[in-house]
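# Overview (structure and organization)
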There are 2 protein chains.
Amino acid sequence: MDTKQSDLTRDKILHAAFDEMHRNGFQAASIANILGDTGLTKGALYHYFPAKHTLGLAVIDEVIREGLEEMVFRPLREAEQPVTELLNIMQRKAEYANDDTIRLGCPLNNLMQEMSPLDEAFKARLTLILKAWQKAIRNALETGQRQRQIRADVDCEAAALFIVSAWEGCWGVAKNMQSVKTFRLCITQLQDYVLSLGPRSRPRNKQTQ
Amino acid sequence: MDTKQSDLTRDKILHAAFDEMHRNGFQAASIANILGDTGLTKGALYHYFPAKHTLGLAVIDEVIREGLEEMVFRPLREAEQPVTELLNIMQRKAEYANDDTIRLGCPLNNLMQEMSPLDEAFKARLTLILKAWQKAIRNALETGQRQRQIRADVDCEAAALFIVSAWEGCWGVAKNMQSVKTFRLCITQLQDYVLSLGPRSRPRNKQTQ
DNA sequence: ACACATCCATACCGGTTGGTATGATTCGAT
DNA sequence: ATCGAATCATACCAACCGGTATGGATGTGT
């Protein structure tokens with residue numbers, strides 16, 4: 001329990017910055033707001049981070065990346081039936097989604113859309129996460145092929161790319177519609193797509209409305 | 001050819017605003033940059049648009065919406081085999097994509113991600129476009145069902161939602177990776193998904209690398 | 001030719017932004 | 001106990017933002 005005070009304030013700043021960036025994006029994220037949320041002042045922030053830019057990169061590395069690692073990458077890596085686990089992760093996300101999470105959207109996706117064309121450092125870090133994600137799903141699918149859950153003729157690399165894309169797309173559209181229902185419906189379709197990669201491809205029943 | 005001078009300058013502002021918003025998003029779009037690109041000054045801009053907010057809405061209505069109408073909605077509406085046309089539209093987008101279009105991403109998607117949680121007026125207009133898009137694809141799929149191109153048990157409404165989502169997701173991921181190749185690969189997968197809604201579902205050959 | 005509205009340039013404003021310089025206080029090692 | 005480094009508060013700054021007020025120029029209808 002060697003949680004030094006200094007590390008605590010750094011973490012407070014980091015998570016307040018994440019929240020502010022999640023709400024307003026990086027560029028519109030206000031240093032003043034972040035400090036207001038923490039009760040700290042500029043002296044504290046600029047002691048730990050030399051510039052807003054550095055703070056943004058730290059949020060990506062230490063909040064977003066680590067969050068995805070725990071929520072997605074590790075479960076996929078450690079699962080015995082990773083394809084089933086993939087479907088479960090989607091299911092969990094769909095179930096736990098609420099108005100707030102949908103309104104603000106996927107933090108990773110938000111930053112990608114905003115910052116990739118503007119800042120090389122942001123883009124590089126976000127791309128790394130994206131590729132790790134694609135790789136995790138690809139591994140899951142390839143393991144699924146050995147377990148006869150995925151057809152042998154499936155191009156797992158391309159399918160993994162598409163799953164990540166569609167996943168972020170579902171977030172995006174649901175965010176715009178501000179509708180949890182839309183998100184769940186969309187994720188269901190994505191699950192159906194994954195199932196369609198299996199043998200006996202016809203998925204589940206029609207699900208009108 | 002009744003192109004009055006006043007309408008021309010209004011259009012110049014409108015398209016410069018679209019470009020600036022496409023590059024930097026709405027909030028970070030600088031009035032000064034827009035005016036710099038056009039060679040005009042604030043007097044001109046605020047003569048036609050009472051506020052930046054109004055200008056942003058006009059860009060959505062008169063540039064983005066109308067662009068999609070011509071590029072997607074109308075072709076789908078007027079095609080005799082709308083499902084084939086849908087695949088063709090994707091194909092065209094994939095072929096004509098270049099480094100610049102990929103770097104900046106889909107204008108509609110960009111604005112959705114940025115503005116939907118922040119501004120009700122933006123969100124409402126963007127949602128309308130999104131729903132029109134979903135409707136256009138849904139109609140195409142349902143016509144496809146009557147033409148035996150789409151299986152009868154497919155939920156066309158849900159599938160249309162997913163296609164729009166995945167479509168935007170492909171843009172988003174390719175934008176981050178800044179890779180035209182990624183975009184094309186992703187669109188190919190989306191085309192495969194559409195084909196998988198048809199009879200004899202197994203799509204095309206495996207396509208490694 | 002006169003009056004009036006349209007069109008647009010110029011100058012200016014208050015507010016907010018990220019960033020810095022300085023200094024007070026606390027902590028930690030010796 | 002003492003000294004130095006780490007930690008953070010305060011005050012301040014130049015740059016930029018969107019927006020406004022004013023006025024000159026250019027049609028346009030009568």
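The structure displayed is predicted, hence computed values, not measured ones. All chains use their own residue numbering, which begins from 1 and follows the written sequence. A letter from A marks each chain and a number from 1 marks each ligand, given out in the order of writing. Local features in this predicted model are restricted to residues whose pLDDT is 70 or higher, and side-chain atom pairs enter the listing and the counts only when it is 80 or higher, whereas totals over whole chains, interfaces and linings include all residues. The side-chain quantities take in all heavy atoms of the structure and omit both hydrogens and water.

## Looking at the UniProt feature "domain: HTH tetR-type" (unreviewed entry) in chain A
This chain's UniProt record puts "domain: HTH tetR-type" (unreviewed entry) on residues 7-67 of chain A. Segments assigned H or I by DSSP are reported as helices when at least four residues long, segments assigned E as strands when at least two residues long, and all are numbered from the N terminus. Helix makes up 80% of residues 7-67 of chain A and strand 0%. Its end C-alpha atoms lie 18 Å apart. UniProt positions are given in the numbering used here, feature names are shortened, and annotations may be inferred rather than shown by experiment.

## Some remarks on the UniProt feature "DNA-binding region" (unreviewed entry) in chain A
Using the residue numbers shown here, the UniProt feature "DNA-binding region" (unreviewed entry) corresponds to residues 30-49 of chain A. Note that residues 30-49 of chain A is 75% helix and 0% strand, and that its end C-alpha atoms are spaced 15 Å apart.

## Section: the interface of chain A and chain B
Only heavy atoms matter for contacts: two residues are in contact if any of them lie within 4.5 Å across the pair. Listed per partner, the contact involves 53 residues of chain A and 53 residues of chain B. Put simply, buried area is the surface a 1.4 Å probe can reach on two separate parts but cannot reach once they are joined, added for both. With both chains or domains summed, chain A and chain B bury close to 4,300 Å², and 59% of this area falls on carbon and sulfur atoms. The largest per-residue losses of area from chain A upon contact with chain B belong to Q113(A), F162(A) and N176(A), which jointly make up 16% of the total buried on that side. Salt-bridge detection follows one rule: a side-chain nitrogen of Lys or Arg within 4 Å of a carboxyl oxygen of Asp or Glu. Our count for the chain A to chain B interface comes out at zero salt bridges. A 3.5 Å cut-off defines polar contacts: any pair of N or O atoms within that distance qualifies, except that in protein one atom must be a possible hydrogen donor and the other a possible acceptor, and neighbouring residues in sequence count only when both atoms are side-chain atoms. At the surface where chain A touches chain B, the tally comes to eight residue pairs in polar contact (both at pLDDT 80 or more). Mapped by element, the contributors of at least two residues to the side of chain A that touches chain B are α1 (5-24), α6 (99-104), α7 (107-115), α8 (120-146), α9 (156-177) and α10 (180-196) of chain A. At 15 residues, the largest contribution of residues to the side of chain A that touches chain B is made by α9(A). When grouped by side-chain class, the residues that make up the side of chain A that touches chain B number 23 nonpolar, 19 polar and 11 charged. Polarity classes work like this: nonpolar for Ala, Val, Leu, Ile, Met, Phe, Trp, Tyr, Cys and Pro, charged for Asp, Glu, Lys and Arg, and polar for all others, with Gly in that last group.

## Observations regarding the pattern of salt bridges
Residues and elements named next belong to chain A. Overall, the coordinates contain 22 salt bridges over all chains when judged by the stated rule. Note that E142 and R138 form a salt bridge whose closest N and O atoms lie 3.1 Å from each other. Placement of the pair is E142 and R138 together in helix α8, with a separation of four residues, close to one helical turn. Classification of R138 by relative accessible area gives partly exposed; the value is 26%. Put simply, E20, R23 and D37 are held in one network by salt bridges that share partners. Only protein chains enter the accessibility calculation, which uses a 1.4 Å probe. A residue is then buried if its area is under 20% of the maximum for its type, exposed if over 50%, and partly exposed in between.

## Details of unusual backbone geometry
Even without a glycine there, the phi angle at R148(A) is positive, about 65°. In the Ramachandran plot, Q178(B) falls in the positive-phi region, its phi being about 50° despite a non-glycine side chain. Under the relative-accessibility criterion, Q178(B) is labelled partly exposed at 28%.

## Here we look at the relation of the copies chain A and chain B
These two copies of the chain differ by a rotation about an axis and a displacement along the same axis. Overlaying chain A on chain B yields an RMSD of 0.0 Å, the required transformation being a rotation through 180° with an accompanying axial translation of 0.0 Å. The transformation just described matches what one would write down for a two-fold rotation axis. Interface residue correspondence from chain A to chain B reaches 100%, placing this contact among same-surface, isologous pairings. A residue counts toward the fit only if its pLDDT is at least 70 in both copies, and the copies are then superposed by least squares on the C-alpha atoms of those residues.

## Some remarks on the packing of α7(A) against α8(A)
All names here are of chain A. Each axis is a line fitted through C-alpha atoms, taken for helices only over the stretch in contact, and angles between the N-to-C directions span 0 to 180 degrees. Look at α7 against α8: their axes get within 10 Å of each other, and the N-to-C directions meet at 140°. Here α7 lies oblique to α8, going by the angle between them. Where α7 crosses over α8, the handedness of that crossing is left-handed. For the pair α7 and α8, contact is made by L108, L111, M112 and M115 and by F122, L126, I129, L130 and W133, respectively. Class assignment of the residues belonging to the contact of α7 with α8 gives a composition of nine nonpolar, no polar and no charged. Should an angle fall under 35 degrees it is taken as roughly parallel, and over 145 as roughly antiparallel, whereas 65 to 115 is taken as roughly perpendicular and any remaining angle as oblique. Crossings are sorted by hand: turned counterclockwise from the far helix by less than a right angle, the near helix makes the crossing left-handed, and turned clockwise it makes it right-handed.

## Structural notes on the environment of L141(A)
Residue and element names in this part refer to chain A. Relative to the helices and strands, L141 is located in helix α8. Residues L141 and L45 lie 96 residues apart in sequence; the distance between their C-alpha atoms is 43 Å. Each residue touching L141, except ones within four places of it in the same chain, is listed here: V83, I150, C156, A159, A160, I163 and L197.

## Structural notes on the domain arrangement of chain A
All names here are of chain A. Parsing chain A into structural domains produces domain 1 (1-49) and domain 2 (61-196). Domain start and stop points were drawn from an automatic or database domain assignment. Inter-centroid distance (C-alpha atoms) of domain 1 to domain 2 is 27 Å. Contacts between domain 1 and domain 2 engage 11 residues on the former and 12 residues on the latter. For domain 1, the biggest contributors to the area lost against domain 2 are F18, H22 and F26; these three give 51% of the whole. In this assembly, domain 1 and domain 2 are joined by one salt bridge. For R10, the salt bridge identified is with E62, shortest N-O distance 2.6 Å. On inspection of domain 1 and its partner domain 2, the count reaches four residue pairs in polar contact (both at pLDDT 80 or more). Of the residues contributing to the side of domain 1 that touches domain 2, the split by class is five nonpolar, four polar and two charged.

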